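One letter stands for each residue in the lines below.
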Amino acid sequence: MRKITNEELGRPSVEEFARQEKMPVAVVLDNVRSMQNVGAFFRTADAFAVERIALCGITATPPNREIHKTALGAEMTVRWDYCESTTECLKTLREEGYRLYAVEQVEGACMLDEFHPEPGVKYALVFGNEVEGVAQAAVDLCDGSIEIPQAGTKHSVNVSVAGGVVLWHFFWQVRPKR
């Protein structure tokens, strides 16, 4: 077995990536405090061709050296914008036709393995602060909530890990054509 070189992977150029179809998903980061987590979201969003990222509240924005350390340049390929208020961001996304889902442990949450995104529907997935999670005011605006099933003793996984798990779930079901 031989490792494949980066050249052999056939990844699109920055210009090709900008033109290609994206997965109809917007990631909303609600007051994510760690710049490494923000960078990891950019890198994951690039890998799965996420449409865009909304950075809200205290969430840091590019250009930023700490974000770049984990994003490895994905902060320059993934469309992003900053919103001071997560709730205002969610209201705008709803007006743009997105279905809003908090990735959070709430009453009535749908377990991720039971959630099946509908083709042709745009989704906004809200990921929360590393300690407090998604703010209740943001949860209140959502159409539903998705929870990652877990079997260990901890109550949650790191927010950027949660992003990878949930975005992969969406990607394998509604991935854009290349």
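Taking an unreviewed UniProt entry as the reference, the protein is identified by name as RNA methyltransferase belonging to Candidatus Alistipes avicola.

Asker: Even after reading the chapter, I still don't get the nonpolar core, so can you show me in this structure?
Answerer: Soluble globular proteins tend to pack their nonpolar side chains together in the buried interior. Grouped together as the largest cluster of nonpolar side chains are 35 residues, with contacts concentrated most on Met23, Leu29, Phe42, Ile53, Leu125, Phe127 and Phe170. Among the secondary structure elements, those contributing two or more residues to this core are strand S1 (23-30), helix H2 (35-47), strand S2 (50-56), helix H3 (65-71), strand S4 (98-103), strand S6 (122-128) and helix H6 (159-174). Here the element with the most residues in this core is H6; it accounts for seven residues. Here Ile53 is in contact with Val27, Leu29, Phe41, Phe42, Ala45, Val78, Arg79, Trp80 and Asp81, once residues within four sequence places are set aside. Core analysis: the second largest hydrophobic core is formed by 17 residues, Cys56, Cys83, Val134 and Ala138 among them.

Asker: Can you help me understand the pattern of salt bridges in this one?
Answerer: Side chains that differ in sign of charge can pair as their charged atoms come close. Inspection of the entire model under this criterion finds seven salt bridges. Residue Glu8 pairs with Arg2 through a salt bridge whose shortest N-O separation is 2.9 Å. Accessibility expressed as a relative area gives 57% for Arg2, which makes it exposed. Residue Glu66 pairs with Lys69 through a salt bridge whose shortest N-O separation is 3.1 Å. Of this pair, Glu66 and Lys69 are both found in helix H3, three residues apart, which corresponds to roughly one turn of the helix.

How each quantity is defined
Residues numbered from 1 in each chain as written. Predicted model: local features only at pLDDT ≥ 70, side-chain atom pairs only at ≥ 80, totals over all residues. Heavy atoms only, no water. Core = buried A, V, L, I, M, F, W, Y, C linked by side-chain atoms within 4.5 Å. Buried < 20%, exposed > 50% of the residue type's maximum accessible area, 1.4 Å probe, protein only. Helix = DSSP H or I, 4+ residues; strand = E, 2+ residues; numbered from the N terminus. Contact = heavy atoms within 4.5 Å. Salt bridge = Lys/Arg side-chain N within 4 Å of Asp/Glu carboxyl O.

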